[in-house]
Each structure stands twice: as structure tokens, then as C-alpha cells.
Amino acid sequence: MNVAFLGLSQRNRYVVLGIALSAITVGCGPEKPSIFVWHAYRGDEEKALEQATRRWEEKTGNHVDLLAIPHGAYAAKLEAAIPHGHGPDLFIDAHERLGSFVRDGLVAKVDDKEIQAFAAEGAARRSLTVAGKGYGFPLASKGLALIVNRQFVPNKPASFEALFHGTYPAGIKPLAYEIQSSYGQAPFVHAFGSHFIAADGTFGFVGEPAEKSLDLVAGWQKRGVVVPDADGALVSQLFAAERVAAVISGPWFLADFSAKFPIDVYPLPPLYVPADVPAAGAPASTSDGPLPRPFLTVEAAFLTPDGAARPEVHDLANFLATDPESLRLRATVGKQVVALAAGVDLPATTVAFGKVADQAELTPTSPAMRATWVPVEQALKKVLRGDATSHDAVLEAGRRFADATKPPLQGEPPPKKTPLFVVFGMLLLGAVFAAIKQAKQTDIRAELRRSKTAYAYVTHAAIIVALLVVAPLVAGAATSLYAGTRSDPTYVGFTNYIAILTARGGALLGHGSFYLTLLVTVLWTIINVFFHVSIGLLLGVVLSRESLRLKPLYRTLLILPWAIPSYVTALSWKGMFHKQYGAVNGILHFFGVAPVSWFSKFSTAFTANITTNVWLGFPFMMVVTMGALTSIPKDVLEAADVDGATPWQRFRYVTLPLLRPALLPSVALGAVWTFNMFNVVFLVSEGEPDGTTDILVSDAYRWAFTRDAQYGYAAAYAVVIFGILFLGSRALQWLGERFSGTSEASK
Amino acid sequence: MSPPKERVPLWVSIGSHTVLAAATLFAVYPVLWVISLAFSAGGDAPEPRVVPFPAHPTLENFKQFVGLDHAGGFALFLGQLGNSLIVSLATALVAVVIATPASYALARLPFFGKEGALRTLFATQMFPAVASAVPLYVLLEHLHLLDARSGLVLVYATTAIPFAIFQLKGAIETIPVDLEEAAMVDGATRFQAFVKVVLPAARPAIAVTALFAFMSAWNEFILAATLLSRKSAFTLPIVLQSYVGEHLANWGVFAAGALLVSAPVMILFYIVQRQLISGLTAGGVKG
Amino acid sequence: MAHPPAKDRCVARGVTKAYGNNPILRGIDLQIPEGSFAVLVGPSGCGKSTLLRAVAGLETVDGGTITLGDRDVTALPPRDRDVAMVFQSYALYPHLTVRDNLAFGLELRKTPKDIIAARVAEASTMLGLDPLLERLPKQLSGGQRQRVAMGRAVVRRAQLYLFDEPLSNLDAALRAEVRVEIRKLHERIGATTLYVTHDQVEAMTLADTLWVLHGGKVAQSGPPLDVYERPNSLFVAGFLGSPKINLLPGTLAFQGNRWSANERASEPGNYQFRVDEDRFAAGLQEGRSVTIGVRPQDVAVAHGDDPVFGQLTVDLVEALGSEGLAHGDLGGTPFVARLDAEEARTVKPKSRVPLTVKAHRVHLFDPSTEKAL
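The residue count restarts for each chain, going from 1 along the sequence in the order it is written. For this description, chains carry letters from A and ligands carry numbers from 1, given in the order in which they are written. The model is predicted, so local features are restricted to residues of pLDDT at least 70 and side-chain atom pairs to those at 80 or more, both for listing and for counting; the totals for chains, interfaces and linings are taken over all residues. Hydrogens and water molecules were not included; the side-chain quantities draw on all heavy atoms of the structure.

Draft legend 1. Molecular detail of the pattern of salt bridges. The rule for a salt bridge is simple: a side-chain nitrogen of Lys or Arg has to be within 4 Å of a carboxyl oxygen of Asp or Glu. All chains considered together, the criterion is met by 45 salt bridges over all chains. Between Arg55(A) and Glu325(A) there is a salt bridge; the shortest N-O distance is 2.3 Å. Remark: Glu325(A) occurs in helix 14 (residues 324-332) and Arg55(A) occurs in helix 2 (residues 43-60); sequence separation between them is 270 residues. Take Arg55(A): its relative accessible area is 31%, and that puts it in the partly exposed class. Remark: exposure states derive from per-residue accessible area (1.4 Å probe, protein chains only) relative to the maximum for the residue type, with buried under 20%, exposed over 50%, and partly exposed in between. The partly exposed category is assigned to Glu325(A), whose relative accessible area is 26%. For Arg183(C), the salt bridge is made with Asp208(C), and the minimal N-O distance between the two is 3.1 Å. Of this pair, Arg183(C) sits in helix 5 (residues 172-189) while Asp208(C) sits in the loop between helix 6 (200-206) and strand 9 (209-214), and the two are 25 residues apart along the sequence. Strands are runs of DSSP state E lasting at least 2 residues, helices are runs of H or I lasting at least 4, and numbering of each runs from the N terminus.

Take a look at the structure:
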């Protein structure tokens with residue numbers, strides 16, 4: 001019975017109901033077996049892939065089902081679908097995730113003969129080799145290059161110093177790139193001979209070379225030769241608006257860039273050459289400086305175990321990777337830097353990007369790679385903010401990486417299979433004990449007889465909730481007793497919990513420890529709920545005034561933050577908090593306040609998060625308040641007026657106490673939601689600075705997704721969060737009962 | 001019948017409008033940025049701006065989102081819009097159909113295990129979803145409901161049901177018991193009383209609950225993208241999210257899409273405004 | 001009360017009900033003869049509403065039986081009992097028009113459409129609802145709602161009609177009006193009725209049989225005037241009548257061939273009542289302590305050779321127009337006496353007024369058992 005139904009007659013309702021039910025039960029009908037291909041391309045790259053695939057279909061008469069999946073859900077979908085046989089036959093992804101794919105059994109090995117057919121020794125071949133075996137058909141490579149506006153940079157700059165010393169019109173910076181990302185930092189890390197993951201698989205971002213790379217870019221920022229604070233969108237915006245002479249970016253940059261002026265693409269030049277005028281304090285050099293070497297990512301078509309069994313899938317992959325027609329389409333339409341470009345005419349920019357491979361460092365495929373990005377990025381940001389010396393920052397990054405990848409268990413692994421049953425058994429036992437306890441107190445038979453009517457109403461809901469809500473939660477909670485990856489879990493008992501509750505052996509209130517995060521989370525919840533409730537109350541009360549004009553207008557506009565998906569508006573807020581171009585600083589500027597770098601300090605970053613979440617959350621409390629106000633009898637308020645109460649007194653002593661019972665449940669639920677509101681933290685501050693604004697839930701997500709896929713650990717986190725909320729709510733309830741009991745007695 | 005209009009002092013009137021105008025500005029401002037972005041052509045120079053207005057207004061982003069920029073795109077868009085509507089409406093329907101009888105029993109009838117059921121239900125709200133996604137996937141696989149709209153509806157409905165039950169339980173508690181008793185004396189079974197008297201009386205709350213369930217399904221994309229594997233079966237949020245790529249995002253189209261996706265929700269909000277307010281009267285949750 | 005059981009439309013036998021450890025009904029016996037109007041009256045918490053709801057089937061009972069007509073309905077749900085009920089809150093279905101509200105019960109019973117229409121028309125005419133038939137409850141005034149609630153019962157032709165304080169939400173004037181309407185309606189359709197109220201005026205005026213409940217038991221039952229005039233306990237005497245009955249301590253004495261009840265009769269300012277020797281014959285013992293009950297309405301200012309039972313020291317006179325009330329003190333006990341309009345004007349505070357009362361209006365109770373002698 002929903003809104004659309006309200007106006008319909010009885011008979012029409014059934015008709016609509018029937019249509020709705022038949023519409024949802026129509027799933028996918030049987031189709032002739034086609035080849036399923038998944039990818040996360042969009043725009044031109046997607047078009048090129050579609051066209052190339054169509055060529056192959058025409059040639060072979062097979063049918064291909066292409067599916068573009070949003071990048072944000074791609075990895076999760078692959079990991080969920082393929083092991084259960086619901087994945088594609090072929091999927092396209094970057095080679096750097098190959099390590100985990102192989103480990104989790106998502107990809108099938110490709111025959112050596114097949115590879116030899118197209119790939120000589122080279123980056124592409126190496127990138128797709130794990131433990132001596134080849135996987136996947138290379139399609140395109142992606143690496144950073146220097147893209148210049150020919151109006152400002154007519155010739156290839158000999159070095160970065162040369163670029164910086166060029167003469168540009170006023171207001172134009174020499175360079176912009178994603179200076180705060182570890183991916184953007186990678187070329188310089190490699191330039192000084194450092195690494196993210198060393199050849200022996202240990203953390204490579206250590207020692208003097210790493211420090212030098214940090215000092216280098218911090219120096220650039222200080223000299224004002226690069227745009228600080230730029231993300232990908234801003235980089236392309238600035239370049240398109242002719243506000244920077246050059247940018248560092250990848251081939252994707254060209255896909256969305258419609259040139260109004262001529263551009264050139266060059267591999268990254270050396271940092272300096274002998275001809276450069278030395279920067280202040282630096283000695284003039286006698287030889288070429290270090291050469292920045294970006295990460296090179298090879299995108300490849302991977303066969304899943306299902307797809308590998310079908311020869312036509314091999315053929316399709318081979319066609320996409322090697323056929324001249326496919327190469328041409330992907331290079332021209334998709335603007336891809338095709339990996340195997342022999343004998344195809346390519347656009348000049350593509351050729352230039354192709355040369356990047358010569359000086360690039362292949363992104364390591366080791367699963368531990370995933371755990372390097374955040375520590376490096378945090379060190380980088382810290383140094384750019386001036387919060388730490390490069391020496392300390394590098395040391396800290398090392399500690400972080402070690403912490404994130406540390407196996408939770410050092411002792412002997414206990415037995416493997418039984419534990420899941422043990423967990424369920426224990427839960428069952430608990431339930432039985434609880435039931436027995438209850439049964440002892442009351443005559444259970446009479447109780448059950450009395451309950452018969454009610455069970456007719458709740459049973460279906462109870463079964464569905466138990467099966468689809470509670471069971472997955474319990475199963476999820478059970479994974480907290482395991483460590484390791486999904487394909488190879490090890491039973492570790494309560495080790496994950498012990499690790500969490502002992503702050504992983506660090507200082508209990510040390511940086512990023514569980515307890516500090518808990519403190520931040522509690523603070524976050526209290527402040528948010530306070531503002532949600534107070535703003536909601538104020539607006540609800542004002543909006544409930546009878547003679548108010550424009551009420552429907554206000555009401556609708558004030559509900560806006562609730563109606564628009566929060567993953568959209570949270571990003572809007574993030575933009576508004578941008579230091580240079582954000583509207584918040586614009587408004588502050590209007591009042592003569594100097595621009596605030598919102599995400600560089602805990603206090604301001606936390607404020608930004610809170611502002612966003614208050615914005616998101618107040619409409620709910622407002623509406624709840626308005627609803628609750630309708631149930632307060634008018635005469636009570638009038639009585640207060642007659643008694644000579646001021647409006648404030650009337651609100652404080654009459655309205656508020658009467659609202660309380662109606663509001664409390666919503667406040668409780670709101671507090672729980674806020675406690676677990678990871679969207680805002682994830683999208684607005686992203687935990688900045690330095691992970692300090694992370695709350696427990698966003699931390700749990702990081703454990704699951706950015707720190708070497710420690711799902712068990714993340715699940716333990718979730719259980720701990722649950723425990724805290726559960727105990728907290730019971731304690732509050734108990735306090736509330738005591739409090740209201742005494743306050744009523746005193747009346 | 002309307003009571004005489006109370007005379008409102010001028011300062012109260014000015015005060016309320018000031019408060020409301022300020023709050024409205026706060027509520028609308030970030031949305032204006034989304035709107036401005038949606039109407040912007042790419043390539044506008046980034047300027048520190050306070051007034052959100054596109055330098056060169058254009059409808060290109062909207063055209064691209066609805067697929068008017070390439071052949072067959074619009075039909076696909078309409079199909080996906082249809083998917084979103086079907087899935088969201090069905091979610092609302094299923095959630096309400098399942099939650100309403102249960103919340104009636106929780107509000108009105110004594111039964112063994114009631115306290116425990118309520119506690120469990122509240123507890124499910126405390127569990128971060130991070131832990132349950134994979135088991136849910138496995139479950140749907142066993143039910144053979146992967147890649148079917150019905151499976152998605154089931155998943156959405158289950159997340160919507162606990163909240164719906166709290167919501168409706170609170171609402172039903174505010175309906176006088178006398179009504180049902182009158183019906184039963186008049187010759188109704190309890191079930192008839194529930195259907196013919198309680199349901200109509202709870203209609204505003206049911207409408208609001210349905211709206212919430214609709215919204216939660218309408219905006220969700222992670223589960224949808226994980227469970228659905230055909231483009232023609234996609235819902236709009238998946239399409240929307242696909243404009244945010246690994247390296248580069250098309251924020252203009254993303255914003256335009258966000259506005260288009262939000263529009264039906266806004267319209268529904270506007271329609272059920274009144275019910276929204278009375279329906280939430282007793283969003284009663286008792287742990 | 002002398003009706004043979006066969007003629008009783010509704011019988012409750014030994015009905016008990018408790019909420020947890022809190023007994024609400026402690027063994028109620030009740031009979032309502034066919035076509036008669038029974039009123040349950042008592043202070044709040046006496047169990048009258050619970051009993052009504054038990055008869056309706058809205059409450060289960062712990063013990064005892066309830067019979068309607070010749071069926072034992074104790075275990076039946078409300079819909080199978082064939083009763084109609086008017087609720088205190090009216091309980092009109094808010095989403096249905098007046099017409100649909102009236103027809104609801106008949107439609108549930110799958111009554112043919114033409115019969116429904118005829119019955120609704122009949123009831124609506126009887127109750128003056130014709131112009132309101134298409135309105136929703138929220139568009140009606142309080143009195144109109146009340147009439148719809150009654151109409152809903154009337155169309156049902158039920159075996160037994162139940163009223164749960166149906167007038168308590170109306171203002172005083174309307175209440176009097178509807179009270180008369182209810183009685184008229186009863187006479188017209190001859191419905192067997194069980195009516196719950198805490199208002200004794202309603203109870204007295206409407207009832208064929210009055211059932212006074214106290215503490216989950218029937219304290220006294222009978223025709224209303226009998227109960228009023230012959231209360232069997234201090235509770236019933238105190239509960240019926242407004243202003244409340246005056247209660248005075250006293251001692252029985254046999255003097256000059258007459259029994260009297262007095263208090264220090266020799267001292268000035270005290271009182272001495274003649275006793276109805278026939279009524280209390282069994283309980284008369286010299287020197288026995290009693291509680292004397294005299295209703296304010298039954299006393300009058302003594303004139304001429306009226307026997308005077310005492311002198312009232314007046315504190316305050318309330319003039320009510322047609323009559324007056326003198327509040328004062330009689331032998332150290334507060335006492336209220338009714339005055340006629342003329343006396344209300346002349347009697348002044350601080351004056352002493354001689355009072356008289358007919359012997360058969362003097363009620364005697366045992367102070368320890370609180371029962372009538």
C-alpha cells in the first residue's frame with residue numbers, strides 16, 4: 001500500500017498490485033549462451049571497446065554481452081561473483097590487482113604459447129606474469145606524462161627546473177598535478193631510487209631516497225611553482241582554462257579534454273639538467289638530475305576460470321589485444337595507449353604516452369601493494385602541510401605499513417574447519433538458555449497459547465528478518481574469528497578482538513589507535529546529535545506556527561538535504577571546503593577572514609565533517625519534531641500562556657517535556673545511524689589529516705578495503721562497534737529510566 | 001470551525017522568517033552548487049566563487065545522462081528508469097506488506113518473545129553493513145535470485161523492514177484501540193479489524209514508511225551493482241555512479257544525473273508532506 | 001430480581017478477572033431481563049468497565065460464565081456474541097462516512113444490500129442523522145458523533161446493547177438531552193441494554209435495574225429508587241445522592257416506647273433521630289453504636305410541632321435558585337441540609353436552625369461492618 005495507491009479504487013489496486021508483482025518476478029529470461037565481458041570503462045574507452053567487440057562479433061558470429069560497472073563497485077563485484085560462478089567470462093582490469101586475483105582464484109592462467117604469439121619480453125608481458133605464469137591479454141598501458149600547453153611551453157622542457165623557470169603571463173602557474181596523492185608522488189619516489197614495495201616484497205618507501213622525494217615536492221610547493229591542493233578535476237579544469245602551463249597526468253586526461261589550444265605530451269623530464277639556473281641554495285649541477293619514473297599500469301583482459309574453458313573467449317581476448325582493427329579503434333576512439341601497437345598508426349599524443357613505458361616502473365602486483373598507498377600519502381600530506389620533517393614522516397609511514405600488514409596471529413594456527421559450527425552452536429546455546437530463563441519465570445504453555453494470535457502476524461516477518469538480516473550479520477560476525485584473505489581464511493579465535501582492544505600493541509591513546517578513534521566517534525556522535533536535535537527542534541517549532549506564511553515552500557526546501565543522495569551532496573560539500581576555490585572560504589573572505597586550509601588540521605577537518613553531517617541530518621529531526629508537535633494538545637499550551645509563561649518558558653517547561661517521549665526513540669535511532677555514518681567521513685575529509693577524523697566505521701572499511709583486505713579484522717571491528725552501541729544504548733536506557741523515575745517522583 | 005487567528009507580534013513573525021530563511025539558505029546552498037555544476041559546460045575556469053551560477057549554462061550534461069547523445073541511449077535510460085521505479089516501488093510494497101502485520105502485533109498483541117524481537121530488531125540497526133554483504137550474496141545465490149530484480153527487491157526490503165516496523169509500530173500505537181474493538185463488536189475478526197480499520201487509520205504512516213523504503217532503494221548502488229549483471233537491468237544510481245571513474249570523473253554529468261535521480265523523490269516528498277509530518281508523529285522505537 | 005432465569009437475556013455468573021496480582025472482578029453475578037435497561041454504576045476502578053468489556057468479549061475472564069440468550073458465550077470472540085456497543089470515545093471509523101460507519105457492522109455480516117440501506121435509513125431518521133450521512137467523523141460535532149455511535153449500535157439489532165460511559169464527553173446541557181434520547185430509544189426498540197456510567201443522575205434516570213459495583217463486587221442491585229431509598233451499605237448510601245448523605249455517629253436508645261439514635265442527647269446542640277422500627281427491627285439493641293445517615297434532601301427546617309432532631313449551626317448558605325443548601329455543624333459533625341428557596345434567603349450564617357426529618361428517611365448502619373442494620 002503505497003502512495004500511488006491511495007487514490008485508486010479497490011479493484012484498480014489489485015490490478016496495479018498484479019502488474020507490480022509480475023514486473024519484479026520477470027528476471028532474466030533464458031538467452032542463447034553469449035560471452036559475458038565486464039569492465040569499468042566509461043566514455044570514449046567504453047565506446048571503443050564496444051566497437052571493437054562488435055567487429056569480433058561480426059567476424060565470428062558469437063554474441064558478446066558487455067557490461068560497464070561503476071569503478072566504485074567493480075572490485076567488490078568481481079570478488080563476490082567469480083568464485084560463485086556468476087562472474088563474466090572475461091573482464092578488464094589493471095594488472096596491479098592481478099596478485100590478489102591469482103591468490104583468490106579469480107583469473108585463469110593463459111597458455112605460454114598463446115602469450116608468445118603476441119608478447120615479446122616487455123613491460124606488458126612482465127606485468128601479467130605472476131610466479132612465472134602468464135595471465136591476461138594486455139590491452140592498454142597507463143602512466144603519467146607531462147602535458148603542456150604549447151602556447152606557454154613551445155618546446156619540450158629539458159627538465160622540471162626548466163619548466164619552472166619559463167616565462168609565463170601573470171597568474172599562470174608552471175605546473176599542476178595531484179600533488180597530494182601517492183600515485184602523483186610515485187615518479188619522484190622512483191626518481192631517487194626508492195620504491196613502494198621493494199624487490200624482496202618489503203616496504204620500499206624508506207630511508208634517504210624516500211625523504212628526498214618528499215623534500216623535493218615540498219620545496220616546489222614552497223616556491224609556488226605548483227598548484228597546491230589540486231585534485232584530478234581541478235587539474236584538468238585549470239589546464240583547460242589556461243591557468244597552468246603544464247600538468248602531470250595520464251592518458252585518461254585526453255579522453256575528457258577537448259582542446260581549444262595545441263598541446264604536447266612528453267615523458268617526464270629529468271628534475272634538472274646542467275643548463276638550469278640552480279634553485280636558491282642548491283649547487284649548479286654538472287650532470288642530468290634524477291629521472292622521474294611513474295608507475296605503469298597495464299590494463300588487460302583476464303579470463304575467468306569459467307571463460308578459460310571456452311575457446312571463443314580466448315579468441316575474443318586475443319582479438320581485443322592484438323587485432324589491428326581493435327588496436328586502431330581503441331587508440332583513436334578510446335584514446336588508449338594500446339599496449340601492443342605494432343603496425344598501427346597512432347595519434348601523436350598516444351605515441352608520446354606510449355614512450356612513458358620506457359622510463360616507467362611497473363606497478364607491483366603483490367597484494368601488499370594495496371597497503372602502501374595510504375601510508376605514503378599520509379607522509380606526503382604531512383610534509384606538505386609542514387607538520388613533520390620528511391625523516392619523521394618516512395619513519396611513520398614504515399610503522400603504518402607494518403601495522404596494517406601485520407598478521408594478527410603470531411602463534412600456532414588452531415584447527416580449521418569446526419569453528420563456524422562452534423560459533424553457531426554457542427549462539428544457539430545462548431538463545432536456548434535465554435528462552436529457558438524466560439520459560440522458568442512464566443508458565444510458558446499459557447504464554448504460548450496466548451501468543452497464538454500474534455504469531456500469525458509476526459511469523460513471516462520474523463522468518464524473513466532472521467534469514468535475510470540476522471543470519472548474514474551473524475555469518476559476517478563469524479568471519480571476525482578468522483584472519484587472512486577470503487580464499488584462504490585461518491581460524492584465529494579472538495585474536496582480532498584482542499588486537500583491536502589492545503590497540504595493536506601500541507599506546508592505548510596513541511595515534512590512530514582504537515581508543516582514540518572511539519573517542520573521536522563518540523565526540524562525533526554527540527556533537528552531531530546535539531545539532532540535529534537542536535536545529536530540528538527549532539525549525540520544527542517555528543514551522544508549526546499556525547499563521548506562518550510560505551510554510552509549504554519552507555518545508556519542501558528544508559527537506560532537500562534529505563532527498564538528494566548523500567554521496568552526491570557530500571561531494572558538493574567537499575568542494576565547498578576547498579581551500580582555494582571553495583565557497584566556504586569565499587564567504588569567509590567576504591568577512592575578511594584569511595582562507596582556511598580545512599583538511600590540514602583535525603579541528604577544521606572535523607568541523608567540515610560535522611557541518612556536512614548536520615546538514616544531512618537535521619531535516620529528519622525537523623520532520624519528527626513537527627509530527628510530534630501535532631500530538632500536543634493545544635489547550636496545554638494555552639494553559640501555559642494563561643499561567644503567564646514566556647515563549648521560552650512555555651517551550652522549556654511544557655512543549656519540550658511533552659515532546660520528549662515522541663522524540664527519544666528517533667534520537668536514539670539517529671544516534672546509532674550517526675555513529676555508523678561512514679559516508680560523510682569517507683567522502684568529505686577522507687580521514688584527513690592523517691586519519692585523525694576517521695570514526696570507527698570508516699576505520700573498519702579501511703581495514704576491509706585499503707589495508708590488505710583484512711576482512712576478518714574489519715568484521716571484528718564491526719562486532720566491537722555493535723557491542724559498544726548495544727551496551728551504550730542499554731546503559732543510556734537504564735540511566736534514562738532512573739532519571740525519569742526520580743524526576744517524576746519529585747513532581 | 002477554525003479557531004480565531006491568534007495575533008502574532010511583529011517581532012515573532014520577523015524572527016521566525018529570519019530563522020527559516022537562514023536555515024533554508026543553509027539547506028539549499030550546497031544543492032545550488034550541484035545544480036550549477038549540472039548546468040555547466042566543462043572548461044569553466046575555477047574561480048573562488050560564492051554565488052553558484054554556471055558561467056555558460058548548458059543542457060549538455062542532462063542530454064548525456066539521459067542518453068540523448070547517442071542512438072539507443074534514451075531507450076536504455078528509460079528502461080533503467082523503469083528498473084529503478086519497479087525495484088523501488090516493489091521494495092516499498094514488500095517492506096510495507098511484511099512490516100505492517102508484524103508492527104501491528106508488536107504494538108497491540110501480547111506474545112512470548114516480543115521484548116526479544118524488539119531488541120533484536122533494534123540491534124540489527126547497530127551492526128555496520130560491512131560485515132554482512134558477502135553472506136547476503138551467498139544467500140541470494142542459493143535462492144537463485146542473483147541478477148534478478150526480485151533478488152534486489154528482497155535485499156532492499158530487508159534493510160527497509162526493521163525501520164518500517166519501528167515506524168509503523170509507533171504509528172499504530174497512536175491509533176485508539178477502541179476502533180478495533182468497535183469493529184470486533186460489530187462482527188469483525190481481529191484480522192478484519194486490522195485490515196478494515198487499523199490499516200486505513202494508519203494510512204499516512206504507511207505512506208511515509210513506503211516513501212522511506214522507496215528512497216532507500218532508489219538511491220542505493222553498491223548492492224545493485226554487485227547483484228545486477230545486465231545493463232538493461234541496471235538501476236539509475238549505478239548509471240549515475242558510472243560517471244565517477246578510477247582516474248577521472250565527469251562531475252557535470254554526475255551532478256545532472258544526481259538532480260534527475262533526485263527529482264522523483266522530491267516530488268514524492270512534496271506530495272506526502274502532510275502525511276510525512278503526521279506519519280512520523282510517533283516514529284516510536286523502544287529498545 | 002424475581003425474574004426466572006429463562007427470561008434473562010444476559011447472565012453473568014461468578015465472573016472473576018485479575019490483571020497479574022490485581023483482582024478487578026471478584027465474582028460478579030448479574031442478570032439482565034429481556035428488554036430491560038441495566039445500569040452498572042460505581043466509582044472508577046470498581047470494575048464496571050471491565051465487566052462490560054467482558055460481556056462484550058473484549059476481555060477474557062479468569063473464572064465464571066457469561067450467557068447471552070441461551071448460549072454460553074464465555075469463550076466466544078466479540079463478533080460471535082451478537083452484541084452492539086457504544087464506546088466512550090465513540091470509536092467512529094475515521095476513514096468512513098457516517099453512512100459507511102452505520103453500515104459497517106451489517107456489511108461485515110454480509111447482510112443483503114437492501115436491508116442495509118433500509119436499516120441505515122431507519123436509524124439515521126430516528127437519530128436525525130439524515131443530513132450528515134455523507135460526512136466524515138472529523139466533520140461532526142461532539143453531539144453528532146455521539147448520535148452516530150448510537151446509530152451504529154441501533155442498526156445492528158443485537159441481542160444486547162452495551163454502552164460504555166457514552167455521555168461523558170458531552171457538555172452538561174447536551175448530556176441531559178441525549179440521556180432522554182437514549183431512554184426514548186430504548187423504549188422504542190425495546191433493546192436489552194447494559195449501560196456503564198459513573199454519573200448517578202444517568203444511573204438513576206435510565207436504569208430499570210441499577211447495579212452498584214464496589215471493589216469488583218456487586219454492592220447492591222435493584223430498581224434505582226429502591227437502592228436509593230434503602231441503601232444496604234454505607235458505600236451505596238454515600239455513592240448515590242448529591243450532595244452526599246450526611247453521616248453522624250450515634251447510639252441506639254429505647255426511650256418512652258420509642259427507639260432513637262442519638263449522640264449525647266442531653267447536651268444542647270446535639271441530635272436525636274427517630275428510628276424506623278419496622279425497617280431496622282432486627283438490629284435494634286439498646287446502647288448499640290450506629291452510623292446515622294440522613295440525606296440533605298430529606299431534612300427540612302422544623303416548623304410548628306415538627307419533631308426536631310437537632311439544631312444546625314450554619315456556616316454557609318448556597319442559594320441555587322429553586323432551593324438552597326445550608327452547610328454547617330451538627331453536634332460537632334459537618335452537616336448539609338436542603339432549604340427551600342424562601343429559607344435560603346432568610347437563613348443567615350452563624351444562626352441556629354432547627355431541623356426535622358421523617359423517621360423512614362433515617363438510615364442506620366453498623367459502623368464496623370458498614371452494612372445497614
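Draft legend 2. The packing of aromatic side chains, seen in detail. Two rings belonging to Phe, Tyr or Trp (six-membered ring only in the last case) form a pair when the distance between their centres is within 6.5 Å. Interplanar angles under 30 degrees mark stacking, angles over 60 mark edge-to-face geometry, and anything in between is tilted. Throughout the structure, instances matching the rule amount to 62 aromatic pairs over all chains. Measuring from centroid to centroid gives 6.3 Å for Tyr183(A) and Trp373(A), while their planes differ by 50°, and the two rings are tilted. In this pair, Tyr183(A) is assigned in helix 8 (residues 182-191) and Trp373(A) in helix 16 (residues 373-385), connecting sequence segments 190 residues apart. Measuring from centroid to centroid gives 5.3 Å for Phe214(B) and Trp218(B), while their planes differ by 15°, and the two rings are stacked. Here Phe214(B) and its partner Trp218(B) are both found in helix 9 (residues 203-219), four residues apart, which amounts to about one turn of the helix. The pair Phe214(B) / Trp218(B) is uniform in exposure class, with both members buried. Ring pairing ties together the aromatic residues Tyr183(A), Phe196(A), Phe203(A), Phe205(A), Trp252(A), Phe295(A), Trp373(A) and Phe401(A), which thus form one cluster. Any Lys NZ or Arg CZ found within 6 Å of a ring centre and within 35 degrees of that ring's normal is scored as a charge over the ring. Here the guanidinium or amino end of Lys574(A) rests over the ring plane of Phe599(A), the centre of that ring lying 4.5 Å away. Over the ring of Tyr93(C) we find Arg152(C); its NZ or CZ atom is 4.5 Å from the centre of that ring.

Draft legend 3. Layout of the confidence of the model for chain C. Considering every residue of chain C, the mean pLDDT works out to 88; 97% of them sit at 70 or more. Contacts for the low-pLDDT stretch residues 1-6 of chain C, under 50 throughout, to residues beyond four places or in other chains number three contacts. The quantity known as pLDDT measures the predictor's confidence residue by residue, on a range of 0 to 100. By definition, residues are in contact when any of their heavy atoms lie within 4.5 Å.

Draft legend 4. Seen up close, a nonpolar patch on the surface. Together, Ile587(A), Phe590(A), Phe591(A), Val593(A), Val50(B), Val51(B) and Phe53(B) make up an exposed nonpolar region whose accessible area comes to about 730 Å². Here Val593(A) shows up in the loop between helix 24 (583-590) and helix 25 (602-630). Excluding any residue in a salt bridge, patches collect residues exceeding 30% relative accessible area, merging like charges within 9 Å and nonpolar Val, Leu, Ile, Met, Phe, Trp and Tyr side chains within 5 Å. For the accessible areas, the method is Shrake-Rupley and the probe is 1.4 Å, while residue cover comes only from the protein chains on display.

Draft legend 5. Looking closely at the sheet that holds strand 9 (residues 244-249) of chain A. All names here are of chain A. Any two strands are treated as partners once DSSP identifies two or more bridges connecting them. With mixed pairing, four strands are arranged side by side in an open sheet as 8-9-7-10. Single-partner strands in this sheet number two, and they are strand 8 (173-176) and strand 10 (263-266). Geometrically, the sheet is characterised by an average inter-axis angle of 20° between neighbouring strands, direction not taken into account. Pairing of strand 7 (residues 145-149) with strand 10, which is carried by four bridges, proceeds in the antiparallel orientation. Considered in strand 10, the bridge of Ile147 is made with Val265. Think of each axis as a best-fit line through the C-alpha atoms, taken over the contacting stretch in the case of a helix, with angles from 0 to 180 degrees between the N-to-C directions.

Draft legend 6. Spotlight on the interface of chain C and chain B. Facing 21 residues of chain C, the contacting portion of chain B comprises 16 residues. Using a 1.4 Å probe, buried area is obtained as the accessible area two parts lose upon being combined, added over both of them. The contact between chain C and chain B buries some 1700 Å² in all, and 65% of this surface belongs to carbon and sulfur atoms. The largest contributions to the chain C side of the interface with chain B come from Arg79(C), His95(C) and Leu108(C), which together make up 32% of the buried area. Our count for the chain C to chain B interface comes out at three salt bridges. Here Arg156(C) and Asp186(B) are joined by a salt bridge, their closest N and O atoms 3.1 Å apart. Here a polar contact is taken to be a pair of N or O atoms separated by no more than 3.5 Å, where protein atoms must pair a possible hydrogen donor with a possible acceptor and residues adjacent in sequence count only if both atoms sit in side chains. The interface formed by chain C and chain B holds 10 residue pairs in polar contact (both at pLDDT 80 or more) in total. For the side of chain C that touches chain B, the secondary-structure elements that each account for two or more residues are helix 1 (48-56), strand 6 (83-86) and helix 2 (98-108) of chain C. Residue composition of the side of chain C that touches chain B, grouped by class: 13 nonpolar, three polar and five charged. Classes in brief: Ala, Val, Leu, Ile, Met, Phe, Trp, Tyr, Cys and Pro nonpolar; Asp, Glu, Lys and Arg charged; the others, Gly included, polar.

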